[in-house]
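Okay, here's what each chain looks like letter by letter:
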Amino acid sequence: MKGSLMLRFAVFASGNGSNLQAIIDAVGKGAIKADLVLVFSDNHKAFALKRAGAARVKTLCLERKDYTSPQSYDRDILIYLKEAKVDFIVLAGYMRLLTPFFIKEYADRILNIHPSLLPAFKGIQAIKDTLTYGAKVAGVTVHFADDKMDHGPIILQQAFKVSEKETLESLEARVHKLEHKLYPKAIALFVDGRLKITGRRVKVLEKPYKPAARPAASEPDVRENAGPIEAQ
Ligand code: GRF
């Protein structure tokens, strides 16, 4: 973005990283106008780390077992994020609940994707649960993360009909395909400053909402909203 500094973000992923890949591709195409500066994982075997490496994005892996508590673990991650001047975080299959302390540091600046129409089917087996329950519609939710699992204000949500012949494999494939479209779109709205949060409601604005200047030291805990950052 000419004449301006782009927001810097990190993606957290524990596994395959197909959403990470969609995000990397969207950044590459200029559909997300922000710098992906770090991919963090809690699992050194995560394929997401390989995807990041292939895209020449810096990676960091810290294993929870090396820490005495969730708080000390999250505190350490925060140190790295501040060092990398990370403005916002995208959770993409990160299988760990963030501590309230961590969430507070990046309040309204953490996005998450969930493979169901929240608040239905929270948790790690959402696609299987949707099918087993016999739901007639399935879908994807992108939301801001708060300190409860799969709970924060909803940014975008898209549904589709479950077919009578649906299998777990076919449903998974359809959900993931939709995720790879919806997540980059939601991230771009955030980056462009077009999301206004009021309580649980997230309004998608036609024009950017109060474009904010990034503080000189790029501290992550003092921003009210995202948006392009004009150079001083
Ligand atoms: C996705 O289904 C996402 O919604 C959920 O975890 C899965 C991660 O998949 N939170 P991938 O690692 O991005 O392929």
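Our subject is the structure listed above.
Rules used throughout
- Residues numbered from 1 in each chain as written.
- Predicted model: local features only at pLDDT ≥ 70, side-chain atom pairs only at ≥ 80, totals over all residues.
- Near = placed C-beta within 6 Å.
- Helix = DSSP H or I, 4+ residues; strand = E, 2+ residues; numbered from the N terminus.
- Nonpolar A, V, L, I, M, F, W, Y, C, P; charged D, E, K, R; others polar.
- Pairing = 2+ DSSP bridges.
- Axes fitted to C-alpha atoms, helices over the stretch in contact; angles between N-to-C directions.
- Parallel < 35°, antiparallel > 145°, perpendicular 65-115°, else oblique.
- Left-handed = near helix turned anticlockwise from the far one by under 90°.
- Contact = placed C-beta atoms within 7 Å.
- Core = buried A, V, L, I, M, F, W, Y, C linked by C-beta atoms within 7 Å.
- Buried ≥ 20, exposed ≤ 12 C-beta atoms within 10 Å, placed from the backbone.

Draft legend 1. The arrangement of the site of the ligand in detail. Asn-16, Ser-18, Asn-19, Gly-93 and Pro-115 are the nearest of the 13 residues found near the ligand. Listed by contribution, the elements that provide at least two residues to the shell around the ligand are α1 (18-29) and β6 (110-114). Sorting elements by how many residues they give to the shell around the ligand places α1 first, with 3 residues. Residues that form the shell around the ligand fall into these classes: 5 nonpolar, 7 polar and 1 charged.

Draft legend 2. View of the sheet that holds strand β2 (residues 8-12). Strand order across the open sheet formed by 7 strands is β4-β3-β2-β5-β6-β7-β8, with mixed pairing between neighbours. Two strands in the sheet have a free side with no partner beyond their single neighbour: β4 (59-61) and β8 (154-161). Within this sheet the neighbouring strands show an average axis-to-axis angle of 15 degrees, counted without direction. Across 3 bridges, strand β5 (residues 88-91) lies against β6 in parallel orientation. Residue pairing for β6: Val-90 is matched across the bridge by Leu-111.

Draft legend 3. Expanded view of the packing of α1 against helix α6 (residues 168-191). The interhelical angle for the contact between α1 and α6, taken along N-to-C directions, is 45 degrees, at an axis separation of 9 Å. Taken together, the axis directions place α1 and α6 in an arrangement best described as oblique. Both α1 and α6 take part in a crossing whose hand is right-handed. Residue-level contacts link Ser-18, Asn-19, Ala-22, Ile-23 and Ala-26 of α1 to His-176, Glu-179, His-180, Tyr-183, Pro-184 and Ile-187 of α6. Partitioning the contact of α1 with α6 into residue classes produces 6 nonpolar, 4 polar and 1 charged.

Draft legend 4. Layout of the nonpolar core. Residues Ala-10, Val-11, Ile-23, Val-39, Ile-89, Ala-92 and Leu-111 are the most contacted members of the largest nonpolar core, which totals 54 residues. Residue contacts for Ala-92: discarding those within four places in its chain leaves Val-11, Phe-12, Ala-13, Gly-17, Asn-19, Leu-20, Ile-23 and Ile-113.

Draft legend 5. Inspection of unusual backbone geometry at higher detail. Omega for the peptide link from Leu-118 to Pro-119 comes to 15 degrees, which places this bond in the cis form. In this structure, Pro-119 sits in the loop between β6 and α5 (126-133). Look at Arg-56: it is not a glycine, yet its phi comes out positive at around 60 degrees. Taking the C-beta count within 10 Å as the criterion, Arg-56 has 7 such neighbours and is therefore assigned exposed. Even without being a glycine, Asp-150 presents a positive backbone phi close to 50 degrees. Here Asp-150 lies in the loop between β7 (137-144) and β8.

In short, shape yes, function no, at least from these values alone.
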